[in-house]
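A structural walkthrough
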Amino acid sequence: MRGFNPLRWWRRRRQARLLCRSRIPLPLWQQLRRELIDHYHLSAQEHHRLRRLSSLFLQRKQIVGAGDQQVTDYQRAVIAAQACLPILELDLSDYDGWTEIILYPDAFYAPHERIDESGLVHRQQRLLDGEAWDRGPLILSWKDARPSRRHHRLGDNVVIHECAHKLDMQNGAANGIPPLHRDMDRREWTRVFSASYRRLLRQIERHRHTAIDPYAAESPAEFFAVVSEEFFEAPARLHQAEPRVYRQLRLYYRQDPLSRILRSRRWQPADGGTPRHAVLA
Ligand SMILES: [Zn+2]
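Residues numbered from 1 in each chain as written. Predicted model: local features only at pLDDT ≥ 70, side-chain atom pairs only at ≥ 80, totals over all residues. Heavy atoms only, no water.

1. Some thoughts on the overall build of the chain
The cut-off we apply is this: A run of H or I in DSSP counts as a helix once it spans at least four residues, and a run of E counts as a strand once it spans at least two, with each numbered from the N terminus. A radius of gyration in this sense is built from C-alpha atoms; the matching globule rule multiplies 2.2 Å by the number of residues raised to 0.38. The cut-offs for exposure are 20% and 50% of the maximum accessible area for each residue type, with area from a 1.4 Å probe on protein chains only; residues under the lower value are buried, those over the upper are exposed, and the others partly exposed. Here, residues are in contact when the closest pair of their heavy atoms is within 4.5 Å. Note on areas: Shrake-Rupley, 1.4 Å probe, and residue coverage restricted to the protein chains presented here.
Counting its secondary structure elements, the chain contains 11 helices and six strands. Its C-alpha atoms give the chain a radius of gyration of 19 Å, near enough to 19 Å, the size a compact globule of 281 residues would have. Here the chain holds 281 residues, and the buried ones make up 46% of them. A sequence separation of at least 24 residues applies to 65% of the contacts in the chain between residues at least 6 apart. Carbon and sulfur atoms provide 49% of the accessible area of the chain, an area that totals close to 15700 Å².

2. Considering the pairing of strand S4 (residues 121–128)
Applicable threshold: Paired strands, as defined in this entry, are two strands with at least two bridges between them according to DSSP.
The sheet contact formed by strand S3 (residues 108–115) and S4 spans eight bridges and is antiparallel. Across the sheet, Phe108 pairs through a bridge with Leu128, a residue of S4. Linking S3 back to S4 in an antiparallel pair, the connection comprises five residues, with Gly119 at a positive phi of about 90°.

3. A short note on unusual backbone geometry
Of note in the backbone geometry, His207 takes a positive phi value of approximately 55° without being a glycine. With respect to the element layout, His207 can be found in the loop between helix H7 (186–205) and helix H8 (220–233). Its identity as a non-glycine residue notwithstanding, Arg254 has a phi of 55°, on the positive side. Positionally, Arg254 belongs in the loop between helix H10 (243–253) and helix H11 (257–266).

4. Description of the confidence of the model for the chain
This is how the line gets drawn: Predictor confidence is given residue by residue as pLDDT, running from a minimum of 0 to a maximum of 100.
In this model, the chain carries a mean pLDDT of 89, and residues with pLDDT of at least 70 account for 91%. Looking over the chain, one finds the lowest element-wise mean pLDDT in helix H1 (residues 6–22), namely 75, and the highest in H10, namely 98. Contacts of residues 270–281 to residues separated by more than four positions or lying in other chains number 24 contacts, the stretch itself having pLDDT below 50.

Pasting the structure below:
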């Protein structure tokens, strides 16, 4: 049995007070469920927790429009719900150390330095749909973060991608290894991720089809962010292609998105209709 922890008690009490004042209103949350969250087949308890976490997230983070763009409550809630999905079984404090999210209406240009094989530095402007700065803001394109984007490419989620970078940055610069839990084995994580990363590089070199988005080959940090997106958005495909990576992510996020889909299929209507948004690829 755990003893009384005054700090935890105080934090819970403070969170409860904040929630009383600022829970995402139910009509807005129901709209999000229809347009976005039902895609993930969460249980009733998980829904409740996601709304609570998302409301607290909006208390802690400031979402501002780039330039003089106005950010609506709907946009704020959409960003919060997607950002909180990865930490549903972790803790909001995993997003500590930064407060600002900058929302662009569409993809945006950002300065980028690339060093070629001869050591020359090339400064370029890259068109991005999201960016996470170490201890700085998280930057997103609304066009790529909004719910209707999901008709574009299965496995894509720019909010989860950038939030995975933020989780990775908790223990220094992003390197593809976030702070692992005590019951996880860092050597096993490194072994599994390195093998999968090398496999992806080989597939790209040989111009083969890749189950994982080839962008993951940019670096181990990008690999972790991309497979995190796919873990939540296309879990069946990731599990089939890279079951060991899937297992490590399941241990890290303490969630099993594939089993949620399988559970939802067991509860599909008696007329044989398939659940909406089922991720089968
Ligand atoms: Zn990235």
